[in-house]
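Chains, contacts and geometry: an overview
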Amino acid sequence: MSASTRPVRGLDLIWLVAGFTLWGAGFSALYGLHAIGCRAGWEETMLGPLSANRIVLIITYLAHAALGAALYLPLARLAARWEGPAAGMLHRAAAILTVAAVISTLWTGAPVLLLEACV
Amino acid sequence: MSSTGSTPLGLHRALHRVWQVPKGVAALSAVNHSAVGRRFIITAFVYFAIGGMLAMMMRAQLARPENPFLGADAYNQIFTMHGTVMMFLFAIPLIEGIALYLLPKILGARDLSYPRLSAFGYWCYLFGATIILVSMLMGVAPDSGWFMYTPLSSSTFTPGINADVWLLGVTFVEISAVCAAVEIVVTILKVRTAGMALSRMPLMAWYLLVTAGMMILAFPPLILGSVLLEIERAFDWPFFDPDRGGAPLLWQHLFWLFGHPEVYIIFLPAAGAVSTLIPVFARTKIVGYTWIVASIIALAFLSFGLWVHHMFTVGIPHLALAFFSTASMLVAVPTAIQVFAWVATLMRGRPRMSLPMLYLMGFFSVFILGGLTGVMLALVPFNWQAHDTHFVVAHLHYVLIGGFVFPMLAATYYWLPLVTGRLPVFSVSKAAFWLIFLGFHGTFLIMHFTGLLGMPRRVFTYEAGLGWDVPNLISSIGGFVMTAGFALFVLDVILQVRFGRRFRRNPWGGTGLDWAMPTPSPSYNFASLPLVTSRDPLEDNPRLGADIAAGKGYLAGAPRGEMETLCVDMATGKPDHVLVLPRNDYTPFLMASGLAVFFVAFLFSAYWFSLTGVVIAAIFGWRWLWSLGGKADPAPIDAGHGLILPVHYASRSVPTILGLKYLLVGNAAFYGSLVFGYLFLWTTAPDWPPPALMAANPLLVALMAPGLAAAAAFAVNAGRANRAGNARAALFQLAGSVIASLVALAALAALAVLDAPSPQGHAYAAITMAVIGYVMLHVLLGVLFGAYAIARCRAGYVSAVRSADIRGVAIWQLYTAVSGLGGLALIILAPGAMA
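Residues numbered from 1 in each chain as written. Chains lettered and ligands numbered in written order. Predicted model: local features only at pLDDT ≥ 70, side-chain atom pairs only at ≥ 80, totals over all residues. Heavy atoms only, no water.

For chain B, the helix and strand inventory stands at 24 helices and 6 strands. Here chain B has a C-alpha radius of gyration of 27 Å; the compact-globule value for 835 residues is 28 Å, and the two agree. The C-alpha extent of chain B, read off along each of the three principal axes, is 85 × 75 × 50 Å. Going through the 835 residues of chain B one by one, you find that 62% of them count as buried. A total accessible area of about 28,800 Å² is found for chain B, and carbon and sulfur atoms account for 70% of it. Counting 46 positive and 33 negative side-chain charges, chain B places the averaged centre of each group 17 Å from the other. (Helix = DSSP H or I, 4+ residues; strand = E, 2+ residues; numbered from the N terminus. Rg over C-alpha atoms; globule rule 2.2 N^0.38 Å. Buried < 20%, exposed > 50% of the residue type's maximum accessible area, 1.4 Å probe, protein only. Areas by Shrake-Rupley, 256 points an atom, 1.4 Å probe, with all protein chains shown as cover. Lys, Arg positive; Asp, Glu negative; His and termini not counted. Charge placed at Lys NZ, Arg CZ, Asp CG, Glu CD.)

Okay, the overall build of chain A next. Broken down by element type, chain A carries 4 helices and 4 strands. Reading chain A from its N terminus to its C terminus gives the helix and strand order β-α-β-β-α-α-β-α. For a compact globule of 119 residues, the expected C-alpha radius of gyration is about 14 Å, and chain A comes in at 19 Å, more than 25% above that figure. Oriented by its inertia axes, the alpha-carbon framework of chain A measures out at about 60 × 20 × 20 Å. Looking at chain A as a whole, 46% of its 119 residues are labelled buried. Restricting to contacts in chain A with at least 6 residues of sequence separation, those with at least 24 account for 74%. Only carbon and sulfur atoms are counted for the fraction: they give 73% of the accessible area of chain A, which is about 5,700 Å². (Contact = heavy atoms within 4.5 Å.)

Counting from both sides, the interface comprises 36 residues of chain A and, opposite them, 39 residues of chain B. On the chain A side of the interface with chain B, the three residues burying the most area are Tyr31(A), Arg39(A) and Met89(A), jointly 21% of the side's total. Linking chain A to chain B there are 0 salt bridges. Viewed at the interface, chain B and chain A are joined by 5 residue pairs in polar contact (both at pLDDT 80 or more). Secondary structure elements with two or more residues in the side of chain A that touches chain B: helix H1 (14-40) and helix H4 (87-109) of chain A. Counting residues per element, the side of chain A that touches chain B draws most heavily on H1(A), at 11 residues. Here the residues of the side of chain A that touches chain B sort into 26 nonpolar, 6 polar and 4 charged. (Buried area = accessible area lost by both parts, 1.4 Å probe. Salt bridge = Lys/Arg side-chain N within 4 Å of Asp/Glu carboxyl O. Polar contact = N/O pair within 3.5 Å; in protein donor to acceptor, adjacent residues only side chain to side chain. Nonpolar A, V, L, I, M, F, W, Y, C, P; charged D, E, K, R; others polar.)

What follows deals with unusual backbone geometry. Residue and element names in this part refer to chain B. In this model, threonine 150 is joined to proline 151 through a cis peptide bond whose omega is 5°. By secondary structure assignment, the location of proline 151 is in the loop between helix H4 (115-137) and helix H5 (162-190). Residues threonine 519 and proline 520 are joined by a peptide bond in cis, for which omega reads -10°. For proline 520, the location among the structural elements is in the loop between strand E2 (501-502) and helix H16 (537-540). The backbone phi angle of methionine 148 is positive, close to 50°, even though this residue is not glycine. Within the fold, methionine 148 resides in the loop between H4 and H5. Positive phi values are uncommon outside glycine, yet arginine 458 reaches one of about 60°. Structurally, arginine 458 can be placed in the loop between helix H14 (428-452) and helix H15 (469-499).

For chain B, mean pLDDT is 95; residues scoring 70 or higher make up 99% of the total. Between residues 1-5 of chain B, whose pLDDT stays under 50, and residues either more than four places distant or in other chains, the model counts 12 contacts. (pLDDT = per-residue confidence, 0-100.)

Moving on to the state of the cysteines. Enumeration over the complete set of coordinates arrives at 1 disulfide over all chains. A sulfur-sulfur separation of 2.0 Å characterises the disulfide bridge that pairs Cys38(A) with Cys118(A). Judged by the sign of its S-S torsion, about -90°, the bond between Cys38(A) and Cys118(A) is left-handed. Of this pair, Cys38(A) sits in helix H1 while Cys118(A) sits in the segment after H4, and the two are 80 residues apart along the sequence. Exposure remark for Cys118(A): the relative accessible area of 33% places this residue in the partly exposed category. Counting only cysteine sulfurs, Cys124(B) is the nearest neighbor of Cys179(B), a cysteine outside any disulfide, at a range of 5.9 Å. (Disulfide = S-S within 2.5 Å.)

With domains assigned, chain B is organised as domain 1 (590-626) and domain 2 (689-834). Centre-to-centre, using C-alpha coordinates, domain 1 of chain B lies 24 Å away from domain 2 of chain B. (Domains from an automatic or database assignment.)

This part covers the side chain of Ser113(B). Residue and element names in this part refer to chain B. Looking at where serine 113 falls in the secondary structure, it is placed in the loop between helix H3 (72-107) and H4. Serine 113 sits in the buried class, given a relative accessible area of 5%. Within the structure, serine 113 has its side chain in polar contact with the side chain of glutamate 183 (distance 2.9 Å). Separated by 3.0 Å, the side chains of serine 113 and threonine 187 make a polar contact. For serine 113, the residues in contact, after removing those within four places along its chain, are Glu183, Val186, Thr187, Val191, Leu579 and Leu581.

To continue, consider the environment of Ala294(B). Mapped onto the elements, Ala294(B) comes out in helix H8 (residues 289-303). In contact with Ala294(B), other than residues within four places in its own chain, are Ala93(A), Ile96(A) and Leu97(A).

Below, the discussion takes up the packing of aromatic side chains. Residues and elements named next belong to chain B. Within the structure shown, the criterion is met by 82 aromatic pairs over all chains. With a centroid separation of 4.7 Å and an interplanar angle of 65°, the aromatic rings of tyrosine 398 and phenylalanine 440 are classed as edge-to-face. One end of the pair, tyrosine 398, is in helix H13 (residues 390-420); the other, phenylalanine 440, is in helix H14, and 42 residues separate them in sequence. Note on tyrosine 398: relative accessible area 0%, which makes it buried. A cation sits over an aromatic face here: lysine 105 above tyrosine 101, 4.0 Å from the ring centre. (Phe/Tyr/Trp six-rings, centres within 6.5 Å; stacked < 30°, edge-to-face > 60°. Lys NZ or Arg CZ within 6 Å of the ring centre and 35° of its normal.)

All right, on to the nonpolar core then. Ranked by size, the top nonpolar core spans 297 residues in total, and within it Leu90(A), Trp206(B), Trp342(B) and Phe404(B) carry the most contacts. Here this core gathers at least three residues from each of two domains, domain 1 (590-626) and domain 2 (689-834) of chain B. Within the second largest apolar cluster, 14 residues are counted, among which are Ala730(B), Val783(B), Val809(B) and Ala810(B). (Core = buried A, V, L, I, M, F, W, Y, C linked by side-chain atoms within 4.5 Å.)

All names here are of chain B. Contact geometry of helix H11 (residues 355-378) with H13 gives a least axis separation of 8 Å together with a crossing angle of 155°. One way to sum up the angle between H11 and H13 is to call them roughly antiparallel. Crossing hand, H11 versus H13: left-handed. Residue composition of the contact of H11 with H13, by class: 20 nonpolar, 8 polar and no charged. (Axes fitted to C-alpha atoms, helices over the stretch in contact; angles between N-to-C directions. Parallel < 35°, antiparallel > 145°, perpendicular 65-115°, else oblique. Left-handed = near helix turned anticlockwise from the far one by under 90°.)

We now examine the packing of H3(B) against H13(B). All names here are of chain B. The geometry of H3 relative to H13 is characterised by a closest axis approach of 12 Å and an angle of 35° between their N-to-C directions. For the crossing formed where H3 meets H13, the hand is left-handed. Along its contact with H3, which presents His82, Met87, Phe90, Ala91, Leu94, Ile95, Ile98, Tyr101, Leu102 and Lys105, the element H13 presents His397, Leu400, Phe404, Val405, Met408, Trp415, Leu418 and Val419. Considered class by class, the residues forming the contact of H3 with H13 number 15 nonpolar, 2 polar and 1 charged.

Have a look at this one:
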């Protein structure tokens with residue numbers, strides 16, 4: 001083991017679920033904010049061409065996608081230091097899941113760009 | 001590996017003396033994973049037979065229009081019981097049984113992390129299932145459909161005990177599921193053999209790990225829903241009553257928050273069996289191990305984002321429907337990755353059409369069709385057309401029978417030799433397969449068209465001339481053919497158990513540790529625990545089984561007369577301590593019996609008497625906890641090959657603490673669902689804001705909030721003092737924690753009595769009281785756990801090394817403080833926002 005490497009720890013397993021946890025948070029936030037916005041009448045408040053409701057939803061959508069993409073950087077930095085029998089496989093799996101979660105966020109949240117919010 | 005000097009027979013006898021499972025009445029005390037797993041599996045198959053008979057009664061009724069065979073009331077009970085039995089009393093328990101039976105064998109362990117918890121789970125399952133079954137024999141079975149929608153299941157429209165049977169019986173059974181889930185997660189993460197890094201784990205273990213994680217998160221919403229609905233029925237708290245600010249849709253959300261992940265909870269273990277069997281019968285390695293692991297995890301998460309696709313027709317805004325529609329389509333991707341990996345494995349290998357493989361081919365053809373109709377139903381416009389028709393019934397049977405029953409039949413044939421030590425000798429199994437396969441398609445393929453022709457679900461009869469007569473008759477004939485196939489399957493299993501051909505080891509050429517043990521597998525599984533260096537230990541060393549039996553691995557035999565197995569580092573598989581397991585014990589049976597008293601008494605509205613059951617369960621729970629650990633710091637154990645390891649209760653990574661953390665994750669899911677319920681009612685239900693809001697007395701708030709925080713701080717400090725070797729300070733800190741909890745408890749009780757509005761008046765008051773009740777229960781348990789830790793310290797069970805008791809209290813009090821303060825903030829601040 002070189003000075004910069006270390007065995008994978010139990011806590012590192014969090015990287016297997018980090019991306020999709022963020023996806024879940026984004027999905028729940030969109031669903032919840034959509035319900036609150038429609039109930040609170042945000043759809044009637046126009047800020048330029050878009051309603052306040054849609055702006056909140058789009059910001060939430062893009063923020064979660066950006067955060068998900070940003071997760072890849074610390075993962076890549078940390079996982080490069082992992083060593084031992086599980087290191088390679090866990091690194092690959094975590095990378096696949098982090099990228100897949102960003103794609104999932106973009107896909108499942110995309111309706112905020114297209115559909116009427118409170119119909 | 002060096003020899004221990006004992007003969008294989010000598011080791012076997014020594015281990016058998018320590019590990020043997022008692023017979024006769026004493027079998028009630030058995031906690032061995034093989035015994036408990038077998039009980040789960042056999043009981044689940046009995047319920048499968050019962051569910052099948054109910055299905056046949058339904059098919060007999062629907063075979064002809066206006067058939068007088070069953071009346072509407074009987075039919076309602078039968079279709080409700082069919083769904084309930086198959087989902088809650090067959091599928092989930094079968095998964096639990098297979099997991100509990102197999103896991104130690106594939107992980108190279110001698111037992112599970114908490115054998116008594118599995119035994120407790122079994123008794124909860126058996127007692128809960130018995131309550132439900134007896135209700136059917138008494139003619140008061142649940143009759144509101146297996147998803148028990150309100151208001152149909154509310155006391156106004158179901159005034160008898162039918163719905164209570166479901167709510168209480170299923171909740172009892174779900175306690176079993178949560179116990180099993182915690183057991184499975186901790187076992188997979190910690191109780192493996194040396195060298196079994198996560199990357200070397202059998203895929204089946206990955207599947208079961210993810211499934212158990214899903215169970216921990218998915219079951220609590222339904223348990224919460226059942227508790228709320230039972231409270232509404234028993235005490236008239238109107239959570240779901242729209243006339244008093246409640247919402248029937250809240251039930252649907254809570255139910256399907258469980259219900260959709262449930263589909264994948266059922267599918268994933270079956271897919272695990274597929275991933276295990278295909279490489280064996282294709283005589284090659286699985287293609288895409290890492291991709292499969294990633295796809296299982298992705299599938300688990302996505303499955304929690306689909307629940308509203310069961311509610312597309314209830315009037316939810318289009319944008320919300322679109323979120324769930326896109327997620328429903330997306331979930332097909334990780335499923336497809338697994339299917340492609342299986343097909344690629346078959347293409348790379350040299351498949352042989354052995355018996356289990358035949359059933360796997362059935363799985364492929366049925367499940368893929370079910371998956372395709374699933375994508376159709378994910379599309380909102382199609383879903384609106386097909387909703388509540390027989391098309392949906394056909395789809396769900398293609399998914400569940402294709403995705404669960406066929407792989408489980410394959411798995412049964414694959415692993416049955418491990419249980420019986422025998423192989424099938426007759427060809428009954430092939431005839432059984434073809435009858436099941438053809439009967440299945442005969443029943444359900446045409447049912448898609450029956451649905452598209454407009455026939456709704458859950459109708460006990462229909463008029464002639466609607467075009468449904470012939471398809472229904474064909475479905476009924478197919479159903480009886482399928483049943484004949486299942487009967488032949490049972491006959492075949494009996495023939496194999498009784499007359500099967502004996503074999504020595506590894507009849508299928510498997511490469512995992514499950515085939516590196518004698519068959520039938522002994523209660524201790526392995527005479528010594530091997531060092532694993534790859535995913536295919538039997539391929540690396542075909543003589544591994546003999547080496548293990550000769551005691552050439554770790555912890556050979558039972559030289560200390562204890563039941564021992566290895567615990568390892570989660571990721572790397574490096575051994576970190578020895579888990580000394582409990583002997584056979586009646587406590588799980590007695591504790592579950594106490595809970596049975598509670599549930600039965602509650603069912604018959606004997607609410608005060610039901611507390612007797614709680615007291616009985618608490619007494620045996622205390623006894624259970626008291627038996628953990630020891631009164632002196634244990635000497636490290638020589639595990640062999642120069643490996644010296646601490647005993648589990650003297651280790652920092654003791655499994656008890658890990659189990660507690662996962663239990664609290666499930667608890668948090670329960671609480672999160674309650675908070676969701678509060679917010680859902682606030683934003684969606686009619687008649688909000690409510691007429692009367694709670695105004696909390698500032699003095700009470702000033703006692704509650706610091707009380708909760710101080711209880712946690714004292715408990716954490718007790719842990720620090722204990723670690724520093726200051727036992728006296730630890731005791732004082734624990735006492736401080738108990739006193740702070742008592743102050744918070746008294747303030748909470750005063751809040752409930754003096755400030756909170758009557759919970760019968762409005763759903764707001766009811767759910768506010770539910771939050772207060774949740775926090776109070778946790779503070780009360782914090783008092784009991786604190787008192788328990790004090791008693792343990794005084795009795796000599798706690799030291800700087802043996803710290804699990806105090807650490808457990810600290811974790812509990814921290815959770816109580818965080819959840820309690822969050823809950824109090826919600827119920828105290830929300831009225832201001834509403835006003």
